[in-house]
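# Architecture and fold: a report
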Amino acid sequence: MDGTFAVLFLLAGLADMKMNHCQDGCMAQSQLPARIAVSGGDVQFQDASIGRELYVRYDLNRSYGPFQPAFGASITDDGDAWIGFGAVWTGHFAQDRAYVQLHLMPGLYAQGGGPDVGFPVEFRSGAEIGYEARSGLRIGVSYDHRSNADIKATNPGLETVQLRVSVPLR
């Protein structure tokens, strides 16, 4: 996937900013419900399933334009860990019952028993699509890609496919 999700995140967010946010200041702060998301699923390395990952993300209670800051952390069954900070962009459709979300989060990777991904700085980007209940509960399927953006020559990338549940904190 290389940087495809990172580019999509920027394009979608900037287009949304231009169409919906610049009347009040393109990066004006607004309030949103904070969210906690928990997901788990398959870790893929070089087109092979190599294990499982548990991922937790906290989306802050505000956005700047269309971008909502978020913290995330994950651990695999091999003991590999990642922690990062970045932002999410969320778009709604189907009468606000469905959503698509893109994220971009630079972070730090600590290798356990898993693969060498080349460098401790790893950028996590991805997409999620799912259903949002009237209560704000979201259930979605996500696909993430992690790589070091060619900071080092060794940059094989790592992917995860996960089921995610996200709960608003009101």
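Described in the following lines is the structure provided in the data block. Everything numeric in this text was worked out from a predicted model, so none of it was measured. (Residues numbered from 1 in each chain as written. Predicted model: local features only at pLDDT ≥ 70, side-chain atom pairs only at ≥ 80, totals over all residues. Heavy atoms only, no water.)

### Overview of the overall build of the chain
Each helix and strand counted, the chain has 1 helix and 10 strands in total. Ordered by position from the N terminus, the helices and strands of the chain form the series α-β-β-β-β-β-β-β-β-β-β. Rg of the C-alpha trace for the chain: 16 Å, near the compact-globule value of 15 Å for 170 residues, within the 12% margin. In the chain, buried positions account for 46% of the 170 residues. Put simply, the chain shows about 8,400 Å² of open surface, and 63% of that area lies on carbon and sulfur atoms. Taking the average place of the 13 positive charges on the side chains of the chain and the average place of its 18 negative ones, the gap between the two points comes to 10 Å. (Helix = DSSP H or I, 4+ residues; strand = E, 2+ residues; numbered from the N terminus. Rg over C-alpha atoms; globule rule 2.2 N^0.38 Å. Buried < 20%, exposed > 50% of the residue type's maximum accessible area, 1.4 Å probe, protein only. Areas by Shrake-Rupley, 256 points an atom, 1.4 Å probe, with all protein chains shown as cover. Lys, Arg positive; Asp, Glu negative; His and termini not counted. Charge placed at Lys NZ, Arg CZ, Asp CG, Glu CD.)

### Focus on the state of the cysteines
Inspection of the entire model under this criterion finds 1 disulfide. One disulfide bridge connects Cys-22 with Cys-26, the sulfur atoms lying 1.9 Å from each other. Its S-S torsion of about 115° marks the bond between Cys-22 and Cys-26 as right-handed, since a negative value means left-handed. (Disulfide = S-S within 2.5 Å.)

### Quick look at the environment of Leu-32
Along the chain, Leu-32 falls in the loop between strand 1 (29-31) and strand 2 (34-45). Exposure remark for Leu-32: the relative accessible area of 34% places this residue in the partly exposed category. In the structure, Leu-32 is positioned 136 residues away from Pro-168 in sequence and 9.3 Å away in space, judged by C-alpha atoms. Not counting residues within four places of it along the chain, the set of residues in contact with Leu-32 comprises Asn-61, Arg-62, Ser-63 and Gln-68. (Contact = heavy atoms within 4.5 Å.)

### A look at the side chain of Gln-101
Along the chain, Gln-101 turns up in strand 7 (residues 98-110). Here Thr-90 takes part through its side chain, which lies 2.7 Å from a polar atom of the side chain of Gln-101. Among residues more than four places away in sequence, those in contact with Gln-101 are Arg-57, Asp-59, Val-88, Trp-89, Thr-90, Gly-126, Ala-127, Glu-128 and Arg-138. (Polar contact = N/O pair within 3.5 Å; in protein donor to acceptor, adjacent residues only side chain to side chain.)

### A closer look at the pairing of strand 7
In this sheet, strand 7 lies alongside strand 6 (residues 81-93) in antiparallel orientation, the contact comprising 11 bridges. For Trp-89, the partnering residue across the bridge sits in strand 7 and is Leu-102. Judged from the 11 bridges that link them, strand 7 and strand 8 (residues 121-132) form a sheet pairing that is antiparallel. Across the sheet, the residue bridging to Leu-102 is Ala-127, located in strand 8. (Pairing = 2+ DSSP bridges.)

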